Amino acid sequence: CHRFRQARDTKLSVPLEAACRAVLWEAPPPAREMGARFYDQRLVILLFFVALAALLWRHLRNHPHRTAIVALVALNPWVGPFVVEGRNDAPMLFWVAAAWVAYDRQKPRWGDLLLGLAIATKTLLLPIVPFVVMARRRDAALCAALLLIPLAATSAPYLLRDAPAFL
């Protein structure tokens, strides 16, 4: 199961890896087996972390405690170490923050889809689906679909390939 989750998490980094391997410095001799030039998966997570801070900074531009809120998120001991260790919590938090911005701008469908991307990034969020659907009773079916389509789209190939290992 771990290899499937890892494979699902890495597909977003393929363009970045290609760019890094084309332009960054040469890898040291022991690491040349992995590629001639430097690349680290944590670069993707670092980009999501920077995008999260930028999104919060921009959305809270008129808030009196903007600096404190962004600092609280960026320096949170549950976020910073995860970025350094290469865990995928920063991308999940970015999608959640983007969904919050969409909901705040009265674009609930975009919010549902962005929250669905957060769920696909980290399935730890799956338990919130019934609560979000209940909160959006009028469009419950569309809401549920938008929340679950990203997870289904990213998981289906692995489920079809080797269902017992995936499950």
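Residues numbered from 1 in each chain as written. Predicted model: local features only at pLDDT ≥ 70, side-chain atom pairs only at ≥ 80, totals over all residues. Heavy atoms only, no water.

1. Notes on the overall build of the protein
Regarding its fold elements, the protein presents 10 helices and zero strands. Counting across all 167 residues of the protein, residues that qualify as buried make up 34%. If you take every contact in the protein between residues at least 6 apart in sequence, the share linking residues at least 24 apart comes to 56%. When the accessible surface of the protein is summed, it comes to about 10800 Å², and 68% of that surface belongs to carbon and sulfur atoms. (Helix = DSSP H or I, 4+ residues; strand = E, 2+ residues; numbered from the N terminus. Buried < 20%, exposed > 50% of the residue type's maximum accessible area, 1.4 Å probe, protein only. Contact = heavy atoms within 4.5 Å. Areas by Shrake-Rupley, 256 points an atom, 1.4 Å probe, with all protein chains shown as cover.)

2. Focus on unusual backbone geometry
One non-glycine residue, Gln106, lies in positive phi territory at about 60°. Topologically, Gln106 is positioned in the loop between helix H6 (89-104) and helix H7 (108-121).

3. Brief notes about the nonpolar core
In terms of nonpolar packing, the biggest core is built from 26 residues, with Trp95, Leu114, Ile119 and Leu147 touching the most fellow members. For this core, the secondary structure elements donating two or more residues are helix H3 (42-59), H6, H7, helix H8 (129-135) and helix H9 (140-161). By residue number, the principal contributor to this core is H6, which donates seven residues. With sequence-adjacent residues up to four places away left out, Trp95 is seen in contact with Phe48, Leu114, Leu117, Ala118 and Thr121. Core analysis: the next-biggest nonpolar cluster, separate from the first, contains five residues, Ile45, Phe49, Val79 and Ala90 among them. (Core = buried A, V, L, I, M, F, W, Y, C linked by side-chain atoms within 4.5 Å.)

4. Some points on a positive patch on the surface
A cluster of basic residues, Arg58, Arg61, Arg105 and Lys107, forms a positive patch on the protein surface. Mapped onto the fold, Arg61 is located in the loop between H3 and helix H4 (66-74). (Patch = residues over 30% accessible without salt bridge, like charges linked within 9 Å, V, L, I, M, F, W, Y side chains within 5 Å. Salt bridge = Lys/Arg side-chain N within 4 Å of Asp/Glu carboxyl O. Lys, Arg positive; Asp, Glu negative; His and termini not counted. Charge placed at Lys NZ, Arg CZ, Asp CG, Glu CD.)

5. Thoughts on the packing of aromatic side chains
Centre-to-centre distance and the angle between the planes together describe a pair of aromatic rings. Applying the stated criterion to the full structure yields three aromatic pairs. Members of the aromatic cluster, joined through ring pairs, are Phe48, Phe94 and Trp95. A cation over a ring is seen here: Arg66 above Trp57, with NZ or CZ 3.6 Å from the ring centre. (Phe/Tyr/Trp six-rings, centres within 6.5 Å; stacked < 30°, edge-to-face > 60°. Lys NZ or Arg CZ within 6 Å of the ring centre and 35° of its normal.)

6. Looking at the side chain of His59
Here His59 shows up in helix H3. Among the polar contacts listed, one links the side chain of His59 to the side chain of Asp104, at a separation of 2.9 Å. (Polar contact = N/O pair within 3.5 Å; in protein donor to acceptor, adjacent residues only side chain to side chain.)

7. Looking at the packing of H6 against H7
The geometry of a pair of packed helices is captured by two quantities: the angle between their axes and the separation between those axes. Two elements in contact, H6 and H7, have axes separated by 8 Å at closest approach and are oriented at 170°. In terms of orientation, H6 lies roughly antiparallel with respect to H7. Of the residues in H7, those touching H6 at Pro91, Met92, Trp95, Val96, Ala98, Ala99, Ala102 and Tyr103 are Pro108, Trp110, Gly111, Asp112, Leu114, Leu115, Leu117, Ala118 and Thr121. Classifying every residue of the contact of H6 with H7 by side-chain character gives 14 nonpolar, two polar and one charged. (Axes fitted to C-alpha atoms, helices over the stretch in contact; angles between N-to-C directions. Parallel < 35°, antiparallel > 145°, perpendicular 65-115°, else oblique. Nonpolar A, V, L, I, M, F, W, Y, C, P; charged D, E, K, R; others polar.)

8. Focus: the pattern of salt bridges
Under the criterion given, the structure shown has two salt bridges. Residues Asp89 and Lys122 are paired through a salt bridge, measuring 2.9 Å at the closest nitrogen-oxygen approach. Of this pair, Asp89 sits in helix H6 while Lys122 sits in the loop between H7 and H8, placing them 33 residues apart in sequence. Between Asp112 and Arg136 there is a salt bridge, and its shortest N-O distance comes to 2.7 Å. Of the two residues, Asp112 sits in helix H7 while Arg136 sits in the loop between H8 and H9, which places them 24 residues apart along the sequence. Here the two residues Asp112 and Arg136 agree in accessibility, since each one is buried.

9. So, the environment of Leu146
With respect to the element layout, Leu146 can be found in helix H9. Classification of Leu146 as buried rests on a relative accessible area of 17%. Residues Leu146 and Asp112, 34 residues apart in the sequence, show an inter-C-alpha distance of 5.7 Å. With sequence-adjacent residues up to four places away left out, Leu146 is seen in contact with Arg109, Asp112, Leu113 and Gly116.

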